[in-house]
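A closer look at the structure
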Amino acid sequence: MSSKVRVRFAPSPTGPLHIGGVRTALYNYLFAKKHGGDFLLRVEDTDQTRFVAGAEKYIVEALAWCGISPDEGIGGEDRGNGPYRQSERKPMYREYAETLLANDSAYVAFDTADELERVRALAKEAGASNWQYNYITRENMKNSLTLAKDEVKAKIAAGEPYVIRMKLPRDHEVRFEDTIRGWVSVNTNNMDDKVLFKGDGMPTYHLANIVDDHLMEISHVIRGEEWLPSAPLHVLLYEAFGWESPIFAHLPLLLKPDGPGKLSKRDGDRLGFPVFPIDWKNDETQETASGYRETGFYPDAFINMLALLGWNPGTEQEVFSLQELVEAFDLGSVSKSGAKFDFEKGKWFNQVYLRGMSEEKLASALKTELNSRGLHCDEKHLGTVAMMMSERATFPKDLVTEGLFLFERPSTYDEKTLTKKWSADSPKMMEDISSRFLALVTFDAASIESCFKGYLTEKELGFGKVGPSFRLAVTGKGMGPSMFTICEVLGKEEVLARISLAIEKLK
Ligand code: GLU
């Protein structure tokens, strides 16, 4: 094992990358960067039956959007350890399977899928529902432990399909220390003789994963909790090869927001939020899924939210840039228990990032949103409008949708304000205001405010008597940002036109 920190994210291209997977990649990345190490991206595509076209491209694009860039491997450099796609490494694995056969850590098995099915069914009938190929049952199966040597040779020579299975020792306590979970101990009597090498000449995940982690000099294996049951087998494989095992850290699950169990796509659909980083479309099945990017999340906010799902900095700080995360991250403070997903919290992070943006950036975001809707705002007002709307926005699109009245005349008027605040006196008051506005030479927020307030003082009217009707007439809404700024942005002509329109419509 290398003394340098080298970690890898090793997804299988079986579909879009779940946000739990992004968090695994993120923790690997943070750990590598914190320790001046390397972060590798390796694609584990040995299971051809689960291969989905476009999934690898999706993974690369999603990580790039998040700013999690691999130093080495797919999407990074080839530093002499490639290829980094297991299907392209296929010819390398057989030799390792042979090593295990030679040192009696593995054996050849000829049982066909039908035969295995039959044995399982028989066991079930006899009340044993969980039949396993293990140190007891292998004695009655068709393998190199039960067949004569010559017979095995002859079968292989005749091209009979076979797999290579791990030969687990009987009653052996496998122990290893997981950075997050502490000591883990499993007896081999509770494990099965997993297939390491398949009939199609491909290694299984277990063999390929161990061989590659060794050859790529991976120092720490940081992965999801779902792989914890495989870890004892992996430890035994390292032992069988005589290799030093990397340090393991199994991350807690991301849980449903409203109950027990792992967060799934179905939960997202049911509760109305994405569980994938970017939009996904399977070109073969036409299946689609929505992503955080397209929902309007900033990658920094998304990453910030994910980082805190399972890791706690030990302080009150919640907002972290990627660089701050690198500095603060500590694998030892990752929690053992699952982290409940909280979309509202994610939205809060996005709001924080949006509000922290400069006027210039917000103005340009507003312009993009307006253009995509065919709406227009005078260049000189872009900054003011963007700043004003940012206080009410979670996503860039809200800069427009929360203030549509700035770009379009109201077509409807808020019912509640209409019933409660628009009175018989309102049209007259609006007319008075209109004529005062007409006389204004400068139509900016300050002049509009003093003109409006002057009217109130003169007529001895409270703000509550006029303000809501005024807002209703100009914007159609019951609430919103400062009316004086809104009026400045709309311009005198438009404000006056809207007031007469309201008087006309609300008669
Ligand atoms: N290919 C496995 C996956 O899809 C990788 C597990 C591991 O990191 O060892 O998650």
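Scroll up to find the structure.
Below: a short report on this structure.

**Describing the overall build of the protein**
Broken down by element type, the protein carries 21 helices and 14 strands. Since a compact globule built from 507 residues should have a radius of gyration of about 23 Å, the 32 Å found for the protein marks it as more spread out than a globular shape. When its C-alpha atoms are laid out on the principal axes, the protein stretches across 110 × 50 × 35 Å. When burial is assessed residue by residue, the protein has 51% of its 507 residues classed as buried. With the model as given, the accessible surface of the protein reaches about 23,900 Å², and the carbon-plus-sulfur share is 51%.

**Some thoughts on the nonpolar core**
Side chains that are nonpolar tend, in soluble globular proteins, to be buried together. If you look at the biggest cluster of nonpolar residues, it comprises 150 residues, and the most contacted ones within it are Tyr292, Met430, Phe437 and Phe470. With nine residues, helix α1 (residues 19-34) is the largest single contributor of residues to this core. Sequence-distant contacts of Phe470, defined by excluding residues within four places in its chain, comprise Met430, Ile433, Phe437, Phe452, Met483, Cys487 and Ile499. Ranked by size, the runner-up nonpolar core spans seven residues in total, among them Ala109, Leu116, Ala123 and Tyr133.

**Quick notes on the site of the ligand**
In the region of the ligand, the neighbouring residues are Arg8, Ala10, Pro11, Ser12, Glu44, Tyr205, Asn209, Arg223 and Trp227. Contacts to the ligand include Tyr205, whose side-chain N or O atom sits 2.8 Å from an oxygen atom. In the complex, the protein chains occlude 85% of the 300 Å² of accessible area that the ligand would expose alone. Grouping the amino acids of the shell around the ligand by side-chain chemistry returns four nonpolar, two polar and three charged.

**What to know about the side chain of Glu369**
Mapped onto the elements of the fold, Glu369 is located in helix α13 (residues 359-372). Ignoring any residue separated from it by four or fewer positions in sequence, one finds Glu369 in contact with Pro396, Lys397 and Val400.

**With respect to the state of the cysteines**
According to the stated counting rule, one finds zero disulfides in the structure shown. No disulfide involves Cys377; its nearest neighbouring cysteine sulfur is the one of Cys487, lying 15 Å away.

**Thoughts on the sheet that holds strand β8 (residues 195-197)**
Strands sit in the order β4-β5-β8 across an open sheet of three strands; the sheet is antiparallel. A single partner strand is all that each edge strand has here, and the edge strands are β4 (106-109) and β8. Neighbouring strand axes in the sheet, compared pairwise and without regard to direction, differ in orientation by 45° on average. Where strand β5 (residues 163-166) meets β8, two bridges bridge the pair, whose relative direction is antiparallel. The residue of β8 that forms the bridge with Ile164 is Phe197.

**With respect to unusual backbone geometry**
That bond from Gly82 to Pro83 is cis: its omega, -5°, falls within 30 degrees of zero. Summarising the element assignment, Pro83 is placed in the loop between β3 (72-73) and α3 (90-102). With a phi close to 55°, Glu217 is a non-glycine residue in the positive phi region. Following the sequence through the fold, Glu217 ends up in the loop between α6 (205-215) and β9 (220-224). On the basis of relative accessible area, Glu217 is assigned to the partly exposed category, the value being 42%. Even without a glycine there, the phi angle at Gln286 is positive, about 70°.

**Quick word on the side chain of Lys256**
Counting through the fold element by element, Lys256 comes out in the loop between β11 (254-255) and α8 (265-271). The class of Lys256 is buried, set by a relative accessible area of 19%. Polar contacts involving the side chain of Lys256 include one to the main-chain carbonyl oxygen of Lys262, which spans 3.4 Å.

**Looking at the pattern of salt bridges**
Per the stated rule, a full pass over the model turns up 39 salt bridges. Of the charged contacts, one joins Glu318 and Lys345 as a salt bridge, the two residues approaching to 2.6 Å between their closest N and O atoms. With a gap of 27 residues between them, Glu318 in the loop between α10 (299-307) and α11 (322-328) and Lys345 in helix α12 (residues 343-355) connect regions that are remote in the sequence. Residue Glu318 is classed as partly exposed on the basis of its relative accessible area of 30%.

**Observations concerning α3**
Given 3.6 residues per helical turn, the α-helix brings residues three or four places apart onto the same face. Along α3, the positions that sit buried rather than exposed are Tyr93, Tyr96, Ala97 and Leu100. Around the axis of α3, the buried residues are gathered within 105° of arc, so they sit on the same side. Among the exposed residues of α3, those oriented more than 90 degrees off its buried face are Pro91, Glu95 and Ala102. A positive backbone phi angle near 65° is found at Asp104, which sits one or two residues after α3.

**Details of the packing of helix α17 (residues 426-439) against helix α21 (residues 492-505)**
With their axes 10 Å apart at the nearest point, α17 and α21 run at an angle of 165° to one another. With respect to each other, α17 and α21 are oriented roughly antiparallel. Remark: the crossing between α17 and α21 carries left-handed chirality. Mapping the contact onto sequence places Pro427, Met430, Glu431, Ser434, Phe437 and Leu438 in α17 and Lys492, Val495, Leu496, Ile499 and Ile503 in α21.

**Points about helix α18 (residues 445-459)**
With 15 residues, α18 should reach 21 Å at 1.5 Å per residue; the first-to-last C-alpha distance of 21 Å fits that figure. Looking only at α18, the buried set comprises Ala445, Ser447, Ile448, Cys451, Phe452, Tyr455 and Leu456. Here the buried face of α18 lies against α17, α19 (463-475) and α20 (483-490). Following α18 by one or two positions, Glu460 has its phi on the positive side, about 50°.

What counts, and where the lines are drawn
Residues numbered from 1 in each chain as written. Predicted model: local features only at pLDDT ≥ 70, side-chain atom pairs only at ≥ 80, totals over all residues. Heavy atoms only, no water. Helix = DSSP H or I, 4+ residues; strand = E, 2+ residues; numbered from the N terminus. Rg over C-alpha atoms; globule rule 2.2 N^0.38 Å. Buried < 20%, exposed > 50% of the residue type's maximum accessible area, 1.4 Å probe, protein only. Areas by Shrake-Rupley, 256 points an atom, 1.4 Å probe, with all protein chains shown as cover. Core = buried A, V, L, I, M, F, W, Y, C linked by side-chain atoms within 4.5 Å. Contact = heavy atoms within 4.5 Å. Near = heavy atom within 4 Å. Polar contact = N/O pair within 3.5 Å; in protein donor to acceptor, adjacent residues only side chain to side chain. Nonpolar A, V, L, I, M, F, W, Y, C, P; charged D, E, K, R; others polar. Disulfide = S-S within 2.5 Å. Pairing = 2+ DSSP bridges. Axes fitted to C-alpha atoms, helices over the stretch in contact; angles between N-to-C directions. Salt bridge = Lys/Arg side-chain N within 4 Å of Asp/Glu carboxyl O. Arc of directions from axis to C-beta. Parallel < 35°, antiparallel > 145°, perpendicular 65-115°, else oblique. Left-handed = near helix turned anticlockwise from the far one by under 90°. Expected span 1.5 Å × (residues − 1).

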